[in-house]
Amino acid sequence: PEEFGNYTHIILDEVHERSAESDMLCLVVRLLAQHRFKHMRLVVMSATLQSDLFARYFAPISPEHPVGHVFVGARCFTVTQHF
């Protein structure tokens, strides 16, 4: 856990791909950021993120600062099969 304090930002990508390991990682990051390393910033990313779910989960890290949301848009591209 001490190594965790060497970082200013932690990025969790593809959080929608849920597994026991990724859920455990989210728990450990939340606990460490909430209780020991309050200077750390957390970035949670996903193409299909349920932002409200994760915002509520990680909100206890910094109760005095609201959790922000950034939506960068969505685009669909046509797929052509060549074979």
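Everything in this summary refers to the structure shown in the same document. (Residues numbered from 1 in each chain as written. Predicted model: local features only at pLDDT ≥ 70, side-chain atom pairs only at ≥ 80, totals over all residues. Heavy atoms only, no water.)

A separate point is the pairing of strand β2 (residues 41-44). Pairing analysis gives 4 bridges linking strand β1 (residues 9-12) to β2, with the strands arranged parallel. Bridging across to β2, I10 finds its partner in L42. One crossover worth recording links β1 to the parallel β2 by way of helix α1 (residues 20-35), and it is right-handed. (Pairing = 2+ DSSP bridges. Helix = DSSP H or I, 4+ residues; strand = E, 2+ residues; numbered from the N terminus. Right-handed = clockwise from strand over helix to strand, strands pointing away.)

Right, let's get into a nonpolar patch on the surface. A surface patch of nonpolar side chains, amounting to about 310 Å² of accessible area, comprises M24, L27, V28 and L31. Relative to the elements of secondary structure, M24 occurs in helix α1. (Patch = residues over 30% accessible without salt bridge, like charges linked within 9 Å, V, L, I, M, F, W, Y side chains within 5 Å. Areas by Shrake-Rupley, 256 points an atom, 1.4 Å probe, with all protein chains shown as cover. Salt bridge = Lys/Arg side-chain N within 4 Å of Asp/Glu carboxyl O.)

This next bit is on the nonpolar core. Judged by nonpolar contacts, the single largest core of 13 residues is most densely connected at F4, I10, L12, M40 and F58. Elements with a minimum of two residues in this core: β1, α1 and α2 (51-58). A total of 4 residues in this core trace back to one element, the largest contributor, which is α1. Filtering out sequence-adjacent residues up to four positions away, I10 remains in contact with F4, M40, R41, L42 and V43. (Core = buried A, V, L, I, M, F, W, Y, C linked by side-chain atoms within 4.5 Å. Buried < 20%, exposed > 50% of the residue type's maximum accessible area, 1.4 Å probe, protein only. Contact = heavy atoms within 4.5 Å.)

This part covers the layout of surface pockets. Gaps left between atoms are located by rolling a probe of water-molecule size over the structure's atoms. Each pocket or cavity is described by its volume, and for the largest pocket that value is around 1,000 Å³. Lining the largest pocket we find 33 residues, and of these L42, V43, V44, V67 and G68 sit closest to its centre. Among the elements of the structure, β2 and α2 are those that each provide at least two residues to the lining of the largest pocket. Grouping the constituent residues of the lining of the largest pocket by class yields 20 nonpolar, 10 polar and 3 charged. (1 Å grid on protein atoms, 1.4 Å probe; cavity = no way out; pocket = protein on both sides within 12 Å on 5 of 7 lines; lining within 4 Å. Points joined across faces, edges and corners; volume = space filled by probe spheres on them. Nonpolar A, V, L, I, M, F, W, Y, C, P; charged D, E, K, R; others polar.)

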